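Observations on the three-dimensional arrangement
This is what each chain is made of:
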Amino acid sequence: MTAGVAAGTLFTPAPWRLITDSAILSENWPGIFFSSHGAPTEKFTNCALCTAGCAVKARCVNDRPISLAGVVKSPICALGLAGLHMPFHTARIAHGDAENAAAAVRAAQGKVAVLDLRPGRTASWTYRRAMAALPGGIYLAPQRILNAVNLAAVKTLVSFGAPVLDGWGTPSKVLAAREHFSLIQVEKDQSHTGLLADRWIPVQPGNEPVVAQQIARDLPADGSSLFLSSAELPSVLKMNVTLGNLGHTVIARNETPVPAAWSKQAAAVHAIQNVADRSIGALLIDEASADVAVPWDVIAPKLTNSAVVITFASTQAGYGRYAQFVLPAAVYPEVTTDIPTAIDSVVATFRLATPLMAAPSGVVDAAEFVASLAKLDTKDALQERAASIHATGRGSLLSYSDQKSRPIKDVKADQFWTALNAGACWSDSESPLKAPRWEATIATPAICEAVRPKPPLFTKLYEESGLKGIAS
Amino acid sequence: MNRYAMSIDIDKCTGCGACMIACAVENNVPPLPQSNDRKGITWIRVFPVDNGEQGDTRQSAFLPMMCQQCDSTPCASVCPQQAVQLDVKTGIVGQMPERCLGCRYCMTACPYHARYFNWWDPKWPAGMEATLNPDVAPRMRGVVEKCNFCHGRWHAAKEQAASQGKREAADYTPACAESCPTGAIRFFDLLAGTPEAGSFRLLEKLGTETKIYYRSKRAWVKGLAEAPDGKEHHLA
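Just so we're clear, the structure is a prediction, and the values are computed from it rather than from any experiment.

A separate point is the overall build of chain B. Across its full length, chain B holds six helices and nine strands. Reported as C-alpha extents along the three principal axes, the dimensions of chain B are approximately 55 × 45 × 35 Å. Sorting the 236 residues of chain B into buried and exposed places 58% on the buried side. Taking as baseline every contact in chain B between residues at least 6 positions apart, the subset at least 24 positions apart corresponds to 65%. Between the centroid of the 27 positive side chains of chain B and the centroid of its 25 negative side chains there is a distance of 3 Å.

Okay, structure coming up:
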């Protein structure tokens, strides 16, 4: 009977629970890692996780960042604060067959195309130059209708699903402007922005144009409103034309200068919808720093039956599902890259994200890969672009370490390059606001939300607090 | 001598979660995949709240909650290990994981649910350990932890002051207050400043004499501070 009781007890939770509890009470645990000590240092850079490109102050120990913070008057978002952990995403891919990928592109039947999911960078110009050099090369970028807005002039902001208060623009600018505009959020499910909006209007998908017209009817046509749409719906954005917002809240901004030779040798920018079906034999997708994505359903018909798809990414969660080759890309804060001008900036800017830690071996630089296909030497492309900006003599340079802004005329070319690498931002001179050209008949852009891996600590927001789970 | 306190403007809080992330980075709180809403560790946690209405009259707000740094500490009085201690020099309620035996009496006693139990050993994705803050020791499983106003930063400030021949710690700011994009969280010394007029504290009727002051222009938000009041709760 005793043996029976002993055997039966094993099928109850009690003995197993005792093992766990005794381990806890005796603190019989394997030990935890203690980070090596060292003198803390400060580095300044820019966050490359989105086009806001916020100024970042990194606290480093032993050449590793241990925390990130915003620079005075320029806070960074939760994503930016956890940005130092991006390289440690558990799904990060470490290996890729770059040699065979390059061979596959060379052997491909049909046109070679690059889909750039963060256009406007120096790397984007490399892609354009490479595609111009390759026979039949095509440069593709997501089509955006609204490229620059002037938040300071907005009194009423009508957002159709755009996460205005949750990552859409530069946090410091949005928060500063928030005191002056009322926010109407229109969307099917109440988002984080919807919770904080002055008014949230639920809408059935498909009814957006009608709702936009009704709201526009109640607003003055004095250029003080702004209509945004997360899906870039032309019928919604057209209200900006109706209400006279062009040139006031919706503006055209000068491009950040590039060397003249680049402009002459660059391929035109195409929307993928305008490419002929079954014409692309090799598609290279730079999605490592994607801001938006293009639905695969739009891409697939453009590929030949034997097309090779190569994607540069940190995880396989995006286009990796459809690609023959997924080449591991470096991520912020391992990369050296420039950040395109933010949508809420009225002047062109040029900022660099410089590495706070070394990238692991095996990562492939997408721009270098594409440049090598066209036999272009683009090693010093960033420095060449900085030199061309400096040569214009326009604008000013804000240095983060001392918070001083100096006219570019007072800065030598080598100082300019050094300052950019040490954390600084070039801003173009202010000029009278211009209205953008408006294509009234523009087709609905084919864009969708990009797959962007979140840093490991985001479990705090998504799982442990449910803070982001309330959004829908 | 200091009496550190915090003032939080609920009307300014956008619920972005920057304070939660900054806190976890500063204090080496691990991102455990098996953690959930009940078993996760968030020294500061932002709760979405609403006024209980529907449609156009519905209003929402975000309420950052952390250890309220009580002067009359219910958690310290129940701790059999003296692992909780109110530092009279700073007003900070400290938690000593080395003394904690994991009985969780303090968690039961805390009226603010601001204490968290380590159900698992801390673990980080491979390589991420190198980015831990060397000023803060990670806690082992089986112990309780909570906000301590970034004690590591306070020690660092004190050391810096000592190196300059000063006895008092220079000004320091906890990570949540530093990171808040809207400036909703303000850290201050009650001996040198006062909370803003109209500030209120959570569950004041309990007499815990907390040092986290909240403020809002909305009456229903102030009403939440008095819960439980027999009405429907609106914590999401």
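And the narrative resumes.
This part is about the sheet that holds strand β19 (residues 424-427) of chain A. All names here are of chain A. The sheet built from five strands is open, its strands ordered β15-β16-β19-β17-β18 with antiparallel pairing. Here the strands that pair on one side only, and so sit at the sheet edges, are β15 (337-339) and β18 (404-407). Neighbouring strand axes in the sheet, compared pairwise and without regard to direction, differ in orientation by 25° on average. Of the strand pairs in this sheet, strand β16 (residues 349-353) and β19 are connected by three bridges, and their pairing is antiparallel.

Moving on, we get to the pairing of strand β13 (residues 303-313) of chain A. Residues and elements named next belong to chain A. Counting buried positions along β13 gives nine out of 11 residues, so the element sits mostly inside the fold. Examined bridge by bridge, strand β11 (residues 280-286) and β13 share six bridges and lie parallel to one another. Residue alanine 282 lies in a different strand from β13, and its bridge partner there is valine 308. For β13 and strand β14 (residues 325-328), the ladder comprises four bridges, and the chain directions are parallel. Residue phenylalanine 312 lies in a different strand from β14, and its bridge partner there is leucine 327.

Residues and elements named next belong to chain B. Under the defined criterion, the tally for this structure stands at 28 salt bridges over all chains. A salt bridge links arginine 215 to aspartate 9; the nearest nitrogen and oxygen atoms lie 3.7 Å apart. Note that arginine 215 is positioned in strand β9 (residues 212-215) and aspartate 9 in strand β1 (residues 4-9), a separation of 206 residues in sequence. Of the two residues, arginine 215 and aspartate 9, neither departs from the other in class, the shared state being buried. Members of the salt-bridge network, linked through shared partners, are Asp9, Arg186, Glu196 and Arg215.

Only a minority of non-glycine residues have a phi that is not negative, and only a minority of peptide bonds are not trans. All names here are of chain A. Note the cis peptide between tyrosine 332 and proline 333, where omega equals 10°. Note that proline 333 resides in the loop between β14 and β15. At asparagine 62, a position not held by glycine, the phi torsion is positive, near 55°. Looking at the secondary structure, you find asparagine 62 in the loop between β2 (55-61) and β3 (64-70). The partly exposed category is assigned to asparagine 62, whose relative accessible area is 42%. One non-glycine residue, aspartate 63, lies in the positive phi region at around 60°. Along the chain, aspartate 63 turns up in the loop between β2 and β3.

Okay, the confidence of the model for chain B next. The pLDDT averaged across chain B works out to 91; a share of 95% of its residues lies at or above 70. The complex model carries a pTM of 0.91, and its ipTM stands at 0.93.

Residues and elements named next belong to chain A. A large share of helix α14 (residues 366-373) lies buried, amounting to six of its eight residues. Within the sequence span of α14, burial applies to Ala366, Ala367, Phe369, Val370, Ala371 and Leu373. On the buried face of α14, the contacting elements are α4 (98-107), β4 (111-116), α5 (122-133), β11, β13 and β14. Between a side-chain oxygen at the N-terminus of α14 and the backbone nitrogen of alanine 367 the separation is 2.9 Å; the capping residue is aspartate 365.

Once that is clear, we can look at the packing of aromatic side chains. Residues and elements named next belong to chain A. As enumerated under the stated definition, the model contains 11 aromatic pairs over all chains in all. Here tryptophan 296 and tyrosine 322 contribute two aromatic rings whose centre-to-centre distance is 4.3 Å and whose plane-to-plane angle is 5°, an arrangement assigned as stacked. Taken together, the residues tryptophan 296 in helix α13 (residues 296-299) and tyrosine 322 in the loop between β13 and β14 connect sequence positions 26 residues apart. A residue is classified by how much of its surface remains accessible, and tryptophan 296, at 17% relative accessible area, is buried.

On to the side chain of serine 124 of chain A, then. All names here are of chain A. Following the sequence through the fold, serine 124 ends up in helix α5. A distance of 3.2 Å separates a polar side-chain atom of serine 124 from the backbone nitrogen of glycine 120. Those residues within four positions of serine 124 in sequence are excluded, and the remaining contacts are Asp116, Arg118, Pro119 and Tyr139.

This next bit is on the sheet that holds strand β10 (residues 269-270) of chain A. All names here are of chain A. Across the sheet, which stays open at both edges, the six strands sit in the order β10-β5-β4-β11-β13-β14 with parallel pairing between neighbours. Each having just a single partner strand, β10 and β14 make up the two edges of the open sheet. In the sheet, β4 pairs with β11 via six bridges, with the strands oriented parallel. Residue pairing across strands places lysine 111 opposite isoleucine 280, the latter belonging to β11. Set on the sheet, α4 makes contact with β4, β11, β13 and β14; between it and β14 the angle comes to about 135°. Across the sheet, α14 lies against β4, β11, β13 and β14, angled at about 150° from β11, the strand it touches most.

What counts as what
Residues numbered from 1 in each chain as written. Chains lettered and ligands numbered in written order. Predicted model: local features only at pLDDT ≥ 70, side-chain atom pairs only at ≥ 80, totals over all residues. Heavy atoms only, no water. Helix = DSSP H or I, 4+ residues; strand = E, 2+ residues; numbered from the N terminus. Buried < 20%, exposed > 50% of the residue type's maximum accessible area, 1.4 Å probe, protein only. Contact = heavy atoms within 4.5 Å. Lys, Arg positive; Asp, Glu negative; His and termini not counted. Charge placed at Lys NZ, Arg CZ, Asp CG, Glu CD. Pairing = 2+ DSSP bridges. Axes fitted to C-alpha atoms, helices over the stretch in contact; angles between N-to-C directions. Salt bridge = Lys/Arg side-chain N within 4 Å of Asp/Glu carboxyl O. pLDDT = per-residue confidence, 0-100. Polar contact = N/O pair within 3.5 Å; in protein donor to acceptor, adjacent residues only side chain to side chain. Phe/Tyr/Trp six-rings, centres within 6.5 Å; stacked < 30°, edge-to-face > 60°.

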